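Letter by letter, the chains look like this.
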Amino acid sequence: MKNLLKRISLSLLLGANLCTILLLWLSVALTYVSPDVCPRLSLLTLAFPIFLAANLLFIILWLLVHARLTWIPVAATLLVANFALDYCPIHLTGTTQPTTHDTTITIVTYNVGRMANEEQRSQFIQFIDSSQADIICLQELYTTFISSHQEWFERTHYSVLQANNIAILSRLPFLSDTISITYPTRSNHSLACWIDCMGDSLLLINNHLESNHLSPEEKDEYTNTITDPNRESIKHSSHMLVGKLSEATAYRGAQTDSICALIDRNTSHPVIVCGDLNETPISYTYQRLAKRLRSAYREAASGPGFTYTQRSFPVRIDHLFYPKDWTCTDCRIDRSTTSSDHYPLIVRLSKKTH
């Protein structure tokens, strides 16, 4: 009887582990499918860290109760190890220093959150002054900010291109005006331009992909559901979240395809893509871009690196991708500035000169 109970318990544990593995693999497989095909199912990618953590716990569990089965969760984890490192890279040796034959530029991408008051605007300007960046890509910058701070721009020697609430500040010469990118959207935008970068024509694409359009009240409702759950609030909050998230991710799938098409048309030139993509590293958007370019955070940073942490939504949704023949010498999230609900991502890129 005792042996029978043990076999039943092991079978149940094995079944639970296999279900976890299937969900883990499914969340990864969905990054290869455009979200507009199955928008609700695509939300499963958001649960990747949960499935991965559960699978890692099974490794410990099997070591304790039945070591011979440990290979199952270990093998399952190894098969998605590359995705795990996209989500949470590990670098133990620090940043890479450029050689004397390299030329380095600093780029910032930052969703400034519209800066509703003077204190936030002042803090933003202080951050820009201290960053000493060559190029600054901004999202949600209200359209009159540039004209109302013209003297500051002249003093800092930044040239500015702006369309809607997307702006590019550059100390490197612009080679073109803004290039509009047309895609399905409700209110978000992307823009591109050509920049003279170390003697080459660089295509820079700054993005604010489709927002989830959760109001502050809806975010608070979600937070309250976590802290004080009850059946009705969970049901209502879940329906609201799934509906809005799935609608937004379908838009982002089509927007990503448009950006990738622009990259593919300019493969003879270096391309940098950055901005608030509103997607985690385990997503169709991130993986499509990562096939064409390198992720700065993946190559030079460590840990999950949350760039948005408001109202119980800790995620990394701000990214920068750079050419595969360049090197990322540093990538960090600046948490010292609190003028927005996002943190800026600061990246140093090095290109070998000949």
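Reading guide: rules and limits
Residues numbered from 1 in each chain as written. Predicted model: local features only at pLDDT ≥ 70, side-chain atom pairs only at ≥ 80, totals over all residues. Heavy atoms only, no water. Phe/Tyr/Trp six-rings, centres within 6.5 Å; stacked < 30°, edge-to-face > 60°. Buried < 20%, exposed > 50% of the residue type's maximum accessible area, 1.4 Å probe, protein only. Helix = DSSP H or I, 4+ residues; strand = E, 2+ residues; numbered from the N terminus. Pairing = 2+ DSSP bridges. Core = buried A, V, L, I, M, F, W, Y, C linked by side-chain atoms within 4.5 Å. Patch = residues over 30% accessible without salt bridge, like charges linked within 9 Å, V, L, I, M, F, W, Y side chains within 5 Å. Areas by Shrake-Rupley, 256 points an atom, 1.4 Å probe, with all protein chains shown as cover. Salt bridge = Lys/Arg side-chain N within 4 Å of Asp/Glu carboxyl O. Contact = heavy atoms within 4.5 Å.

Help me understand the packing of aromatic side chains in this model?
The geometry of an aromatic ring pair is captured by two quantities: the separation of the ring centres and the angle between the planes. Tallied over the entire structure, the rule returns 8 aromatic pairs. Within the aromatic cluster, the residues linked to one another by ring pairs are Y110, F124, F127, Y142 and F145.

When you look at the pairing of strand β4 (residues 166-170) in this model, what are you seeing that I'm missing?
Two faces belong to every sheet, and in a regular strand the side chains alternate between them. Of all 5 residues in β4, 5 are buried; the element is thus mostly enclosed. Side chains I166, I168 and S170 of β4 all project onto a buried face; the interleaved residues A167 and L169 project onto the opposite face, where all are buried too. The pairing of strand β2 (residues 135-139) with β4 spans 5 bridges and is classified as antiparallel. Its bridge partner being in β4, Q139 is matched across the sheet by I166. Where strand β3 (residues 159-163) hands over to β4, the hairpin turn is made up of 2 residues, of which N164 adopts a positive phi near 55°.

How should I be thinking about the nonpolar core in this particular structure?
Across soluble globular proteins, nonpolar side chains show a tendency to be buried alongside one another. Judged by nonpolar contacts, the single largest core of 30 residues is most densely connected at I135, I272, L320, C331 and L349. A per-element tally of this core places strand β6 (residues 189-197) first, with 4 residues. Membership of the second largest hydrophobic core comes to 21 residues, among which are V108, A133, L141 and Y158.

In this structure, what is going on with a nonpolar patch on the surface? I would like to understand it.
Side chains of L4, L5, I8 and L12 sit close together on the surface and give an oily, nonpolar patch of about 380 Å² of accessible area. Under the relative-accessibility criterion, L12 is labelled exposed at 61%.

Just checking my understanding: could you explain the environment of L46 for this structure?
Along the chain, L46 falls in the loop between α2 (39-42) and α3 (48-65). Residues L46 and I282 lie 236 residues apart in sequence; the distance between their C-alpha atoms is 7.1 Å. With near-sequence residues (within four places) excluded, L46 lies in contact with L245 and T280.

Whenever I open this one, the sheet that holds strand β7 (residues 200-208) confuses me. Can you help?
Strand pairs in the sheet, formed through backbone hydrogen bonds, run parallel or antiparallel to each other. Strand order in the open sheet made by the 6 strands is β5-β6-β7-β8-β10-β9, with mixed pairing throughout. The outermost strands of the open sheet, each flanked by one partner alone, are β5 (179-180) and β9 (294-295). Examined bridge by bridge, β5 and β6 share 2 bridges and lie antiparallel to one another. Residue pairing across strands places I179 opposite A192, the latter belonging to β6.

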